[in-house]
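Fold and contact review
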Amino acid sequence: MARRPILVANWKMNLGRSDEALAFFRKIRSGLNEIKGVDLVICPPTTVLHQFAELLAPTRIALGAQNAHWEEQGAHTGEISPVMLAGVCQYVILGHSERRATGSNQETDEAINRKLKAALTHGLTPILCLGENLEQNRAGQTDAFVSGQVRAAFQDVEASLAASCIIAYEPIWAIGTGESASPADANRVIGLSVRGALAEIYGEDVAQQVRVQYGGSVTPENISAFMAMPEVDGALVGGASLKPQFVELARRAAAD
Ligand code: PGA
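This is a predicted model, so every value here is computed, not measured.

What counts and how
Residues numbered from 1 in each chain as written. Predicted model: local features only at pLDDT ≥ 70, side-chain atom pairs only at ≥ 80, totals over all residues. Heavy atoms only, no water. Disulfide = S-S within 2.5 Å. Buried < 20%, exposed > 50% of the residue type's maximum accessible area, 1.4 Å probe, protein only. Domains from an automatic or database assignment. Contact = heavy atoms within 4.5 Å. Buried area = accessible area lost by both parts, 1.4 Å probe. Salt bridge = Lys/Arg side-chain N within 4 Å of Asp/Glu carboxyl O. Polar contact = N/O pair within 3.5 Å; in protein donor to acceptor, adjacent residues only side chain to side chain. Helix = DSSP H or I, 4+ residues; strand = E, 2+ residues; numbered from the N terminus. Nonpolar A, V, L, I, M, F, W, Y, C, P; charged D, E, K, R; others polar. Near = heavy atom within 4 Å. Areas by Shrake-Rupley, 256 points an atom, 1.4 Å probe, with all protein chains shown as cover. Pairing = 2+ DSSP bridges. Axes fitted to C-alpha atoms, helices over the stretch in contact; angles between N-to-C directions.

1. Topic: the state of the cysteines
- Per the stated rule, a full pass over the model turns up 0 disulfides.
- Cys-43 takes part in no disulfide bond, and the closest cysteine sulfur to it belongs to Cys-89, at a distance of 7.9 Å.
- The class for Cys-43 is buried, based on a relative accessible area of 0%.
- Unpaired in terms of disulfides, Cys-165 finds its nearest cysteine sulfur in Cys-129, a separation of 12 Å.

This is how it looks when you write it as structure tokens:
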């Protein structure tokens with residue numbers, strides 16, 4: 001099955017001031033807009049989401065948020081609900097390791113499952129992040145851990161909705177370190193653990209429909225090797241998405 005590749009720029013807590021975000025976007029806009037053959041998504045900080053909804057409207061680039069709560073409204077200081085995002089952006093990153101129990105926000109698998117279901121209910125496409133840490137990797141626990149994260153995230157999610165989700169396999173030890181996983185290892189974990197778990201839950205058809213990205217120190221230099229892997233349907237890019245060379249990275253992602 002041919003899955004259309006998708007490249008997502010995760011700006012994290014950078015370029016959140018309207019003037020700096022606009023100045024950077026001007027550098028990459030025309031280059032990105034010419035690229036065909038790969039879906040492009042920019043996930044800027046919440047402070048500039050509305051501005052980017054307008055900026056991206058006439059382009060072929062889609063917009064994503066970096067997080068959403070599971071509740072529609074209420075006493076959750078500082079949180080953003082999926083209702084607030086619906087109509088502003090199309091995608092939402094969920095379960096990034098920087099927000100999971102290991103990160104600064106202590107998000108559990110259960111919380112991520114609730115967020116995934118809420119996002120889908122409100123018409124947002126989740127970009128679900130998962131991946132093992134260094135100790136788990138060294139102890140040979142990667143496959144069990146990653147397939148467990150898939151099962152937990154998709155608990156009580158129906159097949160047609162699951163098929164529309166994006167998953168980003170991001171080994172924690174590869175994020176922001178300059179030490180990416182090898183393309184062959186990423187391909188193996190995505191095929192065996194991510195699609196394998198999806199196939200157990202939903203059957204092979206759905207497992208083959210879900211687009212699964214690799215993330216963790218992706219650069220213009222290594223993107224082609226990841227895109228050449230049959231199980232890898234694109235990348236979630238952090239640091240390298242904050243540089244004008246992101247256009248070249250996207251060109252190479254589309255070329256495959
Ligand atoms: P990185 O981040 O590309 O800077 O490693 C990836 C991510 O955290 O999504």
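2. Looking at the domain arrangement of the protein
- The domain boundaries assigned to the protein delineate domain 1 (1-67 + 218-256) and domain 2 (106-173 + 182-211).
- For domain 1 versus domain 2, the distance between C-alpha centres works out to 21 Å.
- If you look at the interface, domain 1 gives 16 residues, while domain 2 gives 20 residues.
- In total, about 1400 Å² of surface goes out of reach between domain 1 and domain 2, with carbon and sulfur atoms giving 64% of it.
- Here Arg-211 makes a salt bridge to Asp-39, at a shortest N to O gap of 2.8 Å.
- Summed over the shared surface of domain 1 and domain 2, the number is 7 residue pairs in polar contact (both at pLDDT 80 or more).
- When residues of the side of domain 1 that touches domain 2 are traced back to their parent elements, those giving at least two are β1 (6-10) and α10 (223-227).
- The class makeup of the residues in the side of domain 1 that touches domain 2 is 10 nonpolar, 1 polar and 5 charged.

3. Some points on the site of the ligand
- As a matter of local geometry, the ligand sits amid 13 residues, with Lys-12, His-96, Glu-170, Gly-176 and Ser-217 nearest to it.
- Contact between the ligand and Gly-176: an oxygen atom at 2.7 Å from a main-chain N or O atom of the residue.
- The contact in question runs from an oxygen atom of the ligand to an N or O atom on the backbone of Gly-239, over 2.8 Å.
- Here the ligand loses 95% of its free accessible area of 280 Å² to cover by the protein chains.

4. Some remarks on the sheet that holds strand β2 (residues 39-43)
- With respect to topology, 8 strands assemble into a closed barrel ordered β1-β2-β3-β4-β5-β6-β7-β8, the strand pairing being parallel. Averaged over all pairs of adjacent strands, the angle between their axes in this sheet comes to 25°, without regard to strand direction.
- Sheet strands in contact with helix α4 (residues 109-121) are β4 (91-94) and β5 (125-130), and its direction is about 160° off that of β5.
- Strand contacts of helix α6 (residues 142-153): β5 and β6 (166-169), with the helix running at about 150° to β5, the strand carrying the most contacts.

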